[in-house]
Structures are given as structure tokens and as C-alpha cells.
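# Examination of the molecular architecture
Each chain is listed here by its residues.
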Amino acid sequence: MTTIDPPVEAQPFQAEVSELLNLMVHSVYSETDIFLRELISNASDACDKLRYEAIANPALIGDGQLPKIRIFPDKNANTLTIADTGIGMDRQELIDNLGTIARSGTKSFVSRLKEAKDGIGLIGQFGVGFYSAFMVAERIVVTSRRAGSDEAWTWSSEGGSGFEIAPAGKDDAQAPERGTRIVLRLKKDAAKYLEAYEIERIVRAYSDNIQFPIELVDDKGESKQINSASALWQRPKSELKPEDYKEAYKSIAGAFDEPAMTLHYRAEGRYSYAVLLFAPSTKPFDLFDPARKGKVKLYVRRVFITDDADLLPAYLRFIRGVIDSEDLPLNLSREMLQNNPQLVQIRKAVTGRIVSELETLADKQPEEFTKVWDAFGSVIKEGIYEDFERREKLLALSRFTTTSGEKRTLKQYVADLKPNQTEIYLLAGDSIERLKSNPKLESATARGIEVLLLTDPVDAFWTSARFDFDGKPLKSLSQGDVDFSLIPLLDDSKKDEGKPAADEANIIAAIKLHLGDRVADVRASQRLTASASCLVAGSHGPDRELERLLAQQNRGVDTKPILEINLRHPLVAAIPQAGENAADLSFLLLEQAQILDGELPEDPAAFANRLNRLVVGGFSKG
Ligand code: ADP
Ligand code: MG
């Protein structure tokens, strides 16, 4: 023991950490096993980092031994210790890494946890790193020495509102020579984690593919390795069973679900590299977090380099796994990574391979493909406008909910075109339910024309680029002109129902006069059969839905919509005789069209007044 008490400093947790810990401590979540996987995964990351830093600075490894991870259960002391000889943390790193949540994705996850009723289930689905240890421990003491440093520091906490940080005494038995030692004083109901077979079971299930040896040390100090510590992706496919891949997925991706697609191959030729990639079957919580980085890890000859290199295009950011190059230099700096021509080649080749693998999956295992599409379709569709080279393929892979009520491919859509139909019709909006009742569908519905109903934000973007599929242009029903005149009505007797108002020119002129520059134009509609009016975008600007999205992001361009009116509708036909009510009627046509698109009228109070005037006027006449 040191004679002078070392200065102990108390520090508060960042608010999000306290919230998270509070959830952990009070959780009734039963699958607490994940804490061990999280701690081992951190230890493995630390070993990876050491190996990487040692490329430039071999003295850091010193003894030259491969770093490793050791687990010490101690039944007498009721503690479980996880120690690694990795990179370690200095004082500031302990404070930053174990007192805050750096990843913005995790931050938003924590706020979601608080709201969600099944929040605790979500913990199990995603893991929350180091802090998950508080599910099983009432007190945690972390002692760490950064590689190359002569100082070691101790961080300790009982969850709650903060932690303490103090220098580890020189002769502190817990201070490692290098790396991190985490001592968990287990809660009463977590004593099973002191049993060797429990530890082995969890390591086998979740951490078998950790590349560094994991040793279990018994009370006599004897240790045995309990993982295989091999780079699975380097092994021949023929040796591996589906179970091996599932386990590899869980430990490499830190995932809990099953992979919906597995891609394992070795590229030989100008460049050699091994690829082991997975598509998850469930959606991670941070898929749309701009800070989310690609989760494919780059290795060079089995040494982990980074998980920060853009190894895949953004629209494949859900893919997890490893690419291990044989020819890249080990001492790659981040700048070199960005423009490395070899990496550019690898990215291109692997991207092509993933897309064709998705095609095969859709073909051979449609249920598995459906999982991928349901979870990640909204991301894959970004590729339709970002990856010019593979647009056709990505369009063909896409599945769309249509007015048929089913999810369909464009190929199926095109096979079922109506006579004289030459375009693929679509309508984008917030929800399928709202779209289904949108008046812009009326005329198409009367002809049995199928329409794609698109509800992902990304849809507004790629559809605005106006592509063809199989020679058929994609056309939004909320934009430009539509001409259904050559496509027969399902029920031909409906054709002459409701005579169009005779004085079309007068009606349009009157509405234009009243609405002034609120609309770009007023015209007779081909889209409507029952409703009185709808709003569409001009044929050259963005689609109505895209305009709305851009406006939400304050990137709106102030374009005016076109008001289309249904000359068969009594409200419209009444305008010439409406006298002083004509202005109210004109605005009502505009405002109800806005409401049907899910928008608010510009001046809701004026809208209500107008409506009331008209209704009261109607009553007093009758
Ligand atoms: P994540 O691993 O996703 O970053 P964690 O909560 O698991 O989140 O860990 C937070 C950070 O703490 C890690 O990123 C790492 O910097 C640091 N850390 C945790 N455990 C160790 C360890 N055994 N050795 C070195 N650093 C560690
Ligand atoms: Mg972690």
C-alpha cells in the first residue's frame, strides 16, 4: 500500500449516461449475457488499436507478444475481471470514454429507449457498449495504462450519477503493465457469471471470432484458451458451416439478429483480398444518422486498420463485415486511404458483387430478400440516383407497394400494363393510407391503372430524376400533365356521367382572377373523377412531394403549384352563377386540395371563415 492516499477526484456522468445507467439498473431485461460480449469486444478493439499503432511504433508492443484477453472469475471475492493487453487508456481517455456517450447514434438511441415501451428489448437488440456491464455489476473498477505510459489510472463507479478517477498506486496489484483491467463486483443475481461453463458458453456464442486469444483463468491461476481466435474469412468456404457464419456475423458485427445474406469470397488477380460481408435482417437504430460510418472493417493481412474507410457506397451502409487486403501497405494513413487507387478498385468490385448477390437472393431466397428489403429498401433506393452505373439493376431489385395492395417489382408492373399504357405511374406521400385516398388517383383507378405508392423520403428524390424502366418513363401523378384518354375506362357506362361544365373558359378565368399569384395556373383536370380539385407541380420543377421535403429542410424553391379542377364537379360548375361567393369557392378549391395533400391551408383561420360563410349561406337559402 502507498502511504499517502492518492487524490481521488469525483466526476459526474454526462446526462445521457446517467439516463442510460438508470435504465440499465432498473431493467428487467433478462438477456444480460451481452455485457460480456461488449467488454470482450472493447478489449479486442483495444488489441487491434495497439497492433495498428505498433506498426509505426514497435516499442509499444515491447515484448512482441500478440495482445490477448483474459477473464478471471473469483467466487470468493464475487468479482469477474476482464483484462486485456491492448492500447489502454490514459486519464483523459478514461474520463471521456467511460463518462460520456460519443456516438450520436447512441445518444438518440437512449432518448428512444426512454420513450419506447419495449425499450429494454431494444438494449438487447443493439447493445450499449461498456455501460451494459452495470446490468450485472454493482460496482466497476477499471484500471488502465496506456501503452508506453508509466502512469496507470483507476476509474470506478457504482452507476448512479458519476464516477471517481484516481492514479493507480505503483504497487497496485490491479494495475496492468499495459492495457485495461476491468473488475466487476457482481450483483447477487449475476453470480452465474462466475461459472466457467457460463463464461465459455457466452464466449463461444458471441466472441468466438475475436482474433485475439481469450483465456479463462481458474482459481489456481491456470489458464486455457476458450475461443478459436482465427480469422474466419481467411478459411476456405468448404470448411465452414452455416452456423459458423452466423456466429461470425454476431461477433464481427456485434449483432444479435441473424444475417439475411452472407457473402464470402476471395478475390485473386490484380489485387488479392478476402471478403466476408453480411446483410442484417433487422434495421439498426442509426441507419439514417448522418454520422453513421460504414461498418465494414478494413484489415490488411489480418491486421485491423479501420472501420472508417468508405469501403462501400452510402446506399450499402447497412452491410457489415470485413475486407482483408493482401497487398495494401500496413502503414496506411487516413489521407492515403481516401485516394488509394487500390481501395477504389476494391470498392467498385465489391459493390458490384453485393448487388449481384442481392439479385440472386431475390431470385433464390425471396423470403430472405424480403427481410433485407423491408429493413433497408429505403436506403438501397438512394443508389438509384447515386449509382448511375447500377441504376437499372437497383430499380429492378426494388419492391413497391402499389394500388394493387401488393409489393411488386417494376418488372411485374410492366408485365401488367393496361392497353395503350406507356408510362409507369407513381404517387409519393407520407403514408399509404393517405395516398390511397388521394384524388389524384381517381382517374387511374377508374381505368384500373396500377400506381406505385411511395412513402420513403428518398422516393421523392429519385423519382424527380425521371428515369425510364424497360423503356417506360416513370411519371408522378402529382406533376405535369397526364393523359389517360387512350386508356379505356373499366366501366364504360361511367364515361358520360356528369356533364363537364360548359363554360370552361369562364370558370378558369374566374378562379384565376380570385387566386391571383397563389397558383401558377388553373386548368381542367384529367386526373379527377369524383373530387373537385387537386394541386400538381409543373412538368419541369420538382414533384409536389419533393417540394414539401425541401421546404421542411428550408431548402425550398418557391415554386407555385398548378390547380387542377374537375369540370364535372357541382362546386366547380357553380362558379359562374356564384356571384359574390365565387371568390370563396375558388379559395375553397385551392385549400381543400392542400388538405388532401396533407398540407395546411396557408391561413387556416381564413379557411374556416370562408367555409362557414358558404355553409351558413347555403342553409339560409334552403
Ligand atoms: P464503443 O465500443 O462502441 O465505442 P463502448 O461503450 O463499448 O462503445 O466503449 C466506449 C469507449 O471506451 C471505446 O470506444 C474505447 O475508446 C473505450 N474503451 C472501452 N473499453 C476499453 C478497453 N478495454 N481498452 C481501451 N479502451 C476501451
Ligand atoms: Mg464497445
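Scroll up to find the structure this text is about.
The following refers to the structure shown. Not measured: the values here are computed from a predicted model.

In this section: a nonpolar patch on the surface. A cluster of nonpolar residues, Leu 611, Val 615 and Phe 619, forms a patch on the protein surface that exposes about 300 Å² of accessible area. Relative to the helices and strands, Phe 619 resides in helix H21 (residues 604-621). Here Phe 619 falls in the exposed class, since its relative accessible area comes to 67%.

Taken together, the side chains of Asp 45, Asp 307, Asp 308 and Asp 310 define an acidic patch exposed on the protein surface. Taking the relative accessible area as the measure of exposure, Asp 308 reaches 34% and is therefore partly exposed.

Our focus in this paragraph is the packing of helix H9 (residues 341-364) against helix H10 (residues 366-380). In contact at an axis separation of 7 Å, H9 and H10 are set at 135° when each is read in the N-to-C sense. Viewed along their axes, H9 and H10 adopt a mutual orientation that is oblique. For the crossing formed where H9 meets H10, the hand is left-handed. Across from Leu 358, Leu 361, Ala 362, Asp 363 and Lys 364 in H9, the residues of H10 making contact are Pro 366, Glu 368, Phe 369, Val 372 and Ile 380. In terms of residue class, the contact of H9 with H10 is built from seven nonpolar, no polar and three charged.

Counting buried residues in strand E10 (residues 259-267) gives seven out of nine residues, a clear majority hidden from the surface. As paired strands, E10 and strand E11 (residues 273-280) are joined by eight bridges and run antiparallel to one another. Directly across from Met 261, in E11, lies its bridge partner Ala 279. Taken together, E10 and the strand that follows it, E11, pair antiparallel across an intervening segment of five residues, in which Gly 269 is found at a positive phi of about 135°.

On to the sheet that holds strand E8 (residues 214-217), then. Within a sheet, adjacent strands bond to each other through the backbone by hydrogen bonds, running parallel or antiparallel. Strand order in the open sheet formed by nine strands is E1-E6-E5-E4-E7-E3-E2-E8-E9, and the pairing between neighbours is mixed. Two strands close off the open sheet at either side, each with one partner strand: strand E1 (9-12) and strand E9 (223-225). Neighbour to neighbour, the strand axes of the sheet diverge by 20° on average, direction disregarded. With five bridges connecting them, strand E4 (residues 137-145) and strand E5 (residues 153-157) associate as antiparallel partners. Note on E5: the bridge partner recorded for Ser 144 is Trp 153.

Analysis parameters
Residues numbered from 1 in each chain as written. Chains lettered and ligands numbered in written order. Predicted model: local features only at pLDDT ≥ 70, side-chain atom pairs only at ≥ 80, totals over all residues. Heavy atoms only, no water. Patch = residues over 30% accessible without salt bridge, like charges linked within 9 Å, V, L, I, M, F, W, Y side chains within 5 Å. Areas by Shrake-Rupley, 256 points an atom, 1.4 Å probe, with all protein chains shown as cover. Salt bridge = Lys/Arg side-chain N within 4 Å of Asp/Glu carboxyl O. Helix = DSSP H or I, 4+ residues; strand = E, 2+ residues; numbered from the N terminus. Buried < 20%, exposed > 50% of the residue type's maximum accessible area, 1.4 Å probe, protein only. Lys, Arg positive; Asp, Glu negative; His and termini not counted. Charge placed at Lys NZ, Arg CZ, Asp CG, Glu CD. Axes fitted to C-alpha atoms, helices over the stretch in contact; angles between N-to-C directions. Parallel < 35°, antiparallel > 145°, perpendicular 65-115°, else oblique. Left-handed = near helix turned anticlockwise from the far one by under 90°. Contact = heavy atoms within 4.5 Å. Nonpolar A, V, L, I, M, F, W, Y, C, P; charged D, E, K, R; others polar. Pairing = 2+ DSSP bridges.

Keep in mind these values describe shape, not function.
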